[in-house]
Every structure is written in structure tokens, then in C-alpha cells.
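# Architecture and fold: a report
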Amino acid sequence: MTALSVENVFRNFGGVAALSGVSLEVADGERRVLLGPNGAGKTTLFHAISGNIMPSAGRIVLFDIDITRLRPDQRARLGLARTFQVTNLFPRLTVLDSVLLALGGAAGRGLRLFGALADDRDLYGEADGLLDRCGLAGTAPRIVRTLSYGEQRQLEIALALAGKPRLLLLDEPTAGLSPAETRRVVGLVHELPRDMTILMIEHDMDVAFELADRIAVMHQGRLIAEGDEAAIRANQQVTDIYLGAE
Amino acid sequence: MTSRLRLLIAAVAVVALLIALPAVLRPYSLGLSTKMLIFALFAMSLDLLLGYTGLASLGHAAYFGVAAYTVALLTLRTGVNSGIAFPAALAAAAVTGALFAPLALRARGSYFLMITFALAQVVWSVAFGWRSLTNGDDGMPGVVRPNFGFSLNNTTAFYYFVLAIFGLCALVLVGIVNSPFGRALRGIRDSESRMQALGYDVWRYQYVAFVLAAAFAGIAGALYAYYNRFVGPEYLYVVQSAEALIMVILGGAGTLIGPAIGAALIVFLEDFVSSMTAHWVLVLGVIYVLVTLFAPHGLIGLLVDFRQRRSAK
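Parameters at a glance
Residues numbered from 1 in each chain as written. Chains lettered and ligands numbered in written order. Predicted model: local features only at pLDDT ≥ 70, side-chain atom pairs only at ≥ 80, totals over all residues. Helix = DSSP H or I, 4+ residues; strand = E, 2+ residues; numbered from the N terminus. Rg over C-alpha atoms; globule rule 2.2 N^0.38 Å. Buried ≥ 20, exposed ≤ 12 C-beta atoms within 10 Å, placed from the backbone. Contact = placed C-beta atoms within 7 Å. Pairing = 2+ DSSP bridges. Expected span 1.5 Å × (residues − 1). Nonpolar A, V, L, I, M, F, W, Y, C, P; charged D, E, K, R; others polar. Domains from an automatic or database assignment. Axes fitted to C-alpha atoms, helices over the stretch in contact; angles between N-to-C directions. Parallel < 35°, antiparallel > 145°, perpendicular 65-115°, else oblique.

### Quick notes on the overall build of chain A
Along its length, chain A carries nine helices and ten strands. Taking 246 residues into account, the globule formula puts the C-alpha radius of gyration at 18 Å, and chain A, at 18 Å, falls close to it. Projected onto its principal axes, the C-alpha positions of chain A cover 55 × 40 × 35 Å. Here chain A, with 246 residues, has 41% of them falling under the buried criterion.

### Here we look at the overall build of chain B
Along chain B, the regular secondary structure elements total 14 helices and two strands. In terms of C-alpha radius of gyration, chain B reaches 19 Å, essentially the compact-globule figure of 20 Å for 313 residues. Over its C-alpha atoms, taken along the principal directions, chain B stretches across nearly 60 × 50 × 40 Å. For chain B, the proportion of contacts with a sequence separation of at least 24, taken over those separated by at least 6, is 77%.

### Focus on the pairing of strand β4 (residues 57-62) of chain A
Residue and element names in this part refer to chain A. Bridging between strand β1 (residues 2-13) and β4 involves five bridges; their strand directions are antiparallel. Across the sheet, the residue bridging to E7 is R59, located in β4. Across two bridges, β4 lies against strand β5 (residues 65-66) in antiparallel orientation. Bridging from a neighbouring strand, V61 pairs with D66 of β5. Hairpin connection of β4 to β5: two residues between the antiparallel strands, including F63 at a positive phi of 45°.

### Some points on unusual backbone geometry
Residue and element names in this part refer to chain A. One non-glycine residue, Q220, lies in positive phi territory at about 50°. Turning to its location among the elements, Q220 is positioned in the loop between β9 (214-219) and β10 (222-227). In this structure Q220 comes out as partly exposed when scored by C-beta crowding, with 15 C-beta atoms within 10 Å.

### Remarks on helix α12 (residues 257-274) of chain B
Look at α12 of chain B: 26 Å from first C-alpha to last across 18 residues, which is about the 26 Å you get at 1.5 Å a residue. All buried positions along α12 of chain B are accounted for by G258, P259, A260, I261, G262, A263, A264, I266 and V267 of chain B.

### Here's the deal with the interface of chain A and chain B
Across the boundary between the two partners, chain A contributes 31 residues, which contact 23 residues of chain B. Looking at the side of chain A that touches chain B, the element that brings in the most residues is helix α3 (residues 95-107) of chain A, giving six residues. Residue classes in the side of chain A that touches chain B are distributed as 16 nonpolar, eight polar and seven charged.

### Here's the deal with the sheet that holds β5 of chain A
With antiparallel pairing, the four strands of this open sheet are ordered in space as β2-β1-β4-β5 (chain A). Two strands close off the open sheet at either side, each with one partner strand: β2 (16-27) and β5 of chain A.

### A word on the pairing of β10 of chain A
Residue and element names in this part refer to chain A. With five bridges joining them, β9 and β10 adopt antiparallel strand pairing. Each residue of the ladder has a partner; that of M218, found in β10, is L223. Hairpin connection from β9 to β10: two residues lie between these consecutive antiparallel strands, with Q220 at a positive phi of about 50°.

### A look at the domain arrangement of chain A
All names here are of chain A. Examined at the domain level, chain A breaks down into domain 1 (1-79 + 165-246) and domain 2 (91-163). In this structure, domain 1 and domain 2 have C-alpha centres spaced 26 Å apart. At the interface, twelve residues of domain 1 touch eleven residues of domain 2. Of all the elements in the fold, those that place two or more residues in the side of domain 1 that touches domain 2 are α2 (72-77) and α6 (179-191). At four residues, the largest contribution of residues to the side of domain 1 that touches domain 2 is made by α6.

### Observations regarding the sheet that holds β9 of chain A
Residue and element names in this part refer to chain A. Strand order in the open sheet made by the six strands is β6-β7-β8-β3-β9-β10, with mixed pairing throughout. The open sheet has two edge strands with one neighbour each: β6 (80-82) and β10. Sheet twist, expressed as the average angle between the axes of neighbouring strands with direction ignored, equals 20°. Note that strand β3 (residues 31-35) and strand β8 (residues 197-201) share four bridges and pair parallel. Note that in β8 the partner of V33 across the bridge is M200.

### Structural notes on the packing of helix α7 (residues 155-177) of chain B against helix α10 (residues 202-228) of chain B
Residue and element names in this part refer to chain B. Contact pair α7 / α10: the axes reach a minimum separation of 11 Å and the direction vectors enclose 170°. Considered as vectors, α7 and α10 are oriented roughly antiparallel to each other. Contacts between α7 and α10 involve V162, I165, C169, L173 and I176 from the first element and L212, F216, I219 and L223 from the second. Of the residues in the contact of α7 with α10, the class split is nine nonpolar, no polar and no charged.

### Overview of helix α8 (residues 180-190) of chain B
When you tally the buried positions in α8 of chain B, you get eleven out of eleven residues, the bulk of the element. Buried residues of α8 of chain B: P180, F181, G182, R183, A184, L185, R186, G187, I188, R189 and D190 of chain B, and no others.

### As for the environment of V15 of chain B
Residue and element names in this part refer to chain B. Along the chain, V15 turns up in helix α1 (residues 2-24). The class for V15 is exposed, based on 12 C-beta atoms found within 10 Å. Spatially, the C-alpha atoms of V15 and L163 are 9.7 Å apart, while their sequence positions differ by 148 residues.

### Observations concerning the environment of L62 of chain A
Residue and element names in this part refer to chain A. Mapped onto the fold, L62 is located in strand β4. Judged by the 22 C-beta atoms lying within 10 Å of it, L62 falls in the buried class. With 26 residues separating them along the chain, L62 and G36 place their C-alpha atoms 23 Å apart. Setting aside its immediate chain neighbours within four residues, L62 contacts L4, I67, R75, L78, L80 and L167.

The structure is reproduced here in C-alpha cells:
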């Protein structure tokens, strides 16, 4: 089964083609890494998949459901979760409240106008477990704004994982992290259940080759290469435009 | 749990003080206290939007005024019992909010502010221009206070009536902001896109918050019509909306106690300043500038900063 199918997607920003006919298929349970130089259109593609921007043309299918015109929250309820390249958290809430929001959104409990917060007690254990897994044990009562950058990046992932997504989009999860923090994030991704499909933008080659089943390379709004590690390393075009040869 | 205990003691003390007030205040001051409670409720309702949902409205007087006019029109033009006019006024404010919200929620930030402002001005111009119905800028005097078997015409009885409704509304508001719904509103305030990515239908939450804020503003507006026994188009005017915003910002947005304190202070200052000069709005502007410069998180923010600095020592 195909987890995600991007079919000939275009997107222009005022005459500049950010995506010009991208097609991409990610199989169920696959770990796919998206490579490409800055401005290649990787994050734009992520925005199109998660619904933050609408494609000018083309189709996006998630687990056999056409999601091209759905809102981001509708896509999320179909099992899609994402992190943001620029950290996008709740700066004034506590870590625990953030995670409870993430767990509650997935549970789709509705508005719950008068439900007491204490009713969430059943979620507290789940929240603690999630924070533990993401290397954030003990941070629950802290205000998100006061977390270190590395901790905030880990919280990004924790929020995305809370809903037990079927497709997880990770936008440069290790960007700006120390080597030790990068190892922790790689370890975390390794430990995720194998039936979770992951599409990930990554600039660190070692991380990319370690985590990916397959790799796709973007350049100037197009997909120029796809394959496993050996195929990508052997691809002359990729070497030319991405791996440094001018 | 000492902090929770301290909070409980403070709350009990405040409630006791509010109940004891008529015993110690002269009628004029008690009347002013009644007005403070009404505007505290008005400011708290606005804070549901501004401080909790992150939507700055410059048109909150619309819902306040619509409710006030509903009370006046029903009691003076149709002779409906004043007690029945009260829930009708609440409903009118909520319905107005429910109709305006889809228009206002198409925009964010300063554009949201401008749309809410424009919508309120539309309501104001109806009240101002439709003389045969509303008497235009002469307003409608002679609004009768409701009678629930006992008269509310005496200052003390009316104070307790307002205090009871204020207390009830405050409890409901505390329940709302501390519910999972309230937490979702704070999440939306901090990051709409993140909430969407988590599967929240952000629009629906904002819509409900908007209607709730309008409904509570309506309760305050109806009480104010009873309080003054009069309604006029200035209830709907932009100055009224701006004053409410300043009450919230002065006290501290994102809390319920902050706007209540801000409202009490502004009502007091307005009374005090108006006895000396006609330029109240000018003074209000100066207060606004000072607050944004020196206490951007309001008086509550100052208090929190002070306590943090003291405990850090």
C-alpha cells in the first residue's frame, strides 16, 4: 500500500516556481529522506503535503484518500503529523500542557467547554511516557519559552508523535543540534514503530543515509533522483549539484 | 499546596469584602462600585478573545450595546417585563456575535481589529441614525430595573443583584478558561498553525470563543442599561470598545483578575478625572501610553515580575 502519493504537484509564488511538477510515492512503513540544496522546494513540498499551502496543480493522496483540498487539521485527523523547520511551539504554555494539547487533538474529543482539566488525568501517564522517550523527562512543569533550543526541537518531535501518526513529516529535525543531541534524535527515530511511515528533510548526510530506506533528491522545484544510498552516491547529477562539485 | 491555600484565602477575603461593601460605603461610592463590577465583567469577556485566544477586537462595545438597546427597546417600546428582557438581551448579543464572527474571523491581527471596529460602527450608526426607533443620540431614558418580587431601585439591592450576576459569570468564566477548551484557546493564541497541525479545527474554537465573549459582554451591557436607566449610542461607540481594550491591557491580558482590576481602576479614574476636567479621553490615552511603555503585561505582569525578582534574591 502507498502511504503518500504526490502527483505532479505545482506551486508558484508570484511567478517563481517553487514546485514544478513533483511526483513522489512513499510506501507504507518506508523511511524516506528528502535531500536538496536550500531553495530546492523541500519545505514547500512539506507545506503542500500538510495543507499549509495549496498546490496550484496536482494531487496529493494519503492512504488512498485524496487530501489535496483538505485543511491541515483534517489531514492531521487522517493520521498525518509534522514538525516545523522553524520551531513552532506554544511559548507561553507549560511542556505538560503542550503535550496534553497534542494528545487531546489526536483524541478528537471535541470542544469540551466545561470539562475540568483534571479529567485529563488518564492522559498524564501517556504524556510522561512521551516526554521520557523524547529525552524531555522532568521538563513537564516548565514554560516552553524557557527550554533550551535542543529541548524545543525535541518537543517539536514529541508533539508530532503524540497522535501516533501513520505518516510523520520531519522538517530538519537535527538542524542546529549538538552532535550529542543529534544522536539522541536519530536514536528516537530509530525506535519508532516500523509501521510508521516517515518522510524527512535532512541536511546531515550521515543522518540521512543512516535513517533512510530510500532517498529522494530535489533541485529547483523538481525531483531529480530517487533510490537507495548507493544509487544516490553514484548519481553524477546529485554529486554535481548537491554534494559540492561546482 | 500553600500557594493554593493562599489563593483560596485571598478569594474568600475578596468575596467577603464585596459582600460587606454596602455596609461601609456611601450610596454614591456603592453606585460606582456597581459600575466597576459591570465593567469588570465587560473587560473579562473581552479578555476571552484578547488574552486567551489572541484576537484583539476593537468592536466589543457592539455586543455590550446591542444587549443594552435590547433591554431598552423591549421594556420601553413593547412593554415586555424587564426581567424577561434580560435573557433576551443576552441572546441578542450572542446572536450578533454569531453573525459577526464569520466576517471578523476571515482576518487576523490588525485586520481583525479593523473588521470588528467596522462592524461595531455599523451597529452604532443604526442606533444613531434610526431616530424613530432609538431616539438617535438623545438615547432612551426611563429603562426600568427588573423586579423579582423585591425592588432593585435602591442602590444596595441593585449592587447585590449585580454582584450575584457578576459572581456567577466569573465562576463560569473561570471554568471555561481552565477547561480543555480554554487550554486549546491558549494554544491557538500561541500558535494557530501548530494547533492545526495537531488536528484542531482552529476556526471552530475561535468562533465559539467569539460568541461566548459577545454573550458575556451582553450581560454586562444589559446590567449597564439597568444601572443608568438609560441607553445611548455612546454605549456602542468605538471609545467604549477602546476603553475595554485598555482595561484589559492595563490589568493584564491572559488572566481574569487582571481585566477586572483594570476595569475598576479605569472606572474610578474616569469618575475622578471627570469631576475636574472634560478631557477624560486624553487622560485615558496617556494611561495607555504609560502602560504599554512601562507595564506591557499589565499590572498583574508587574506583580508577577516583582514576586519573581524577590524570590530570585
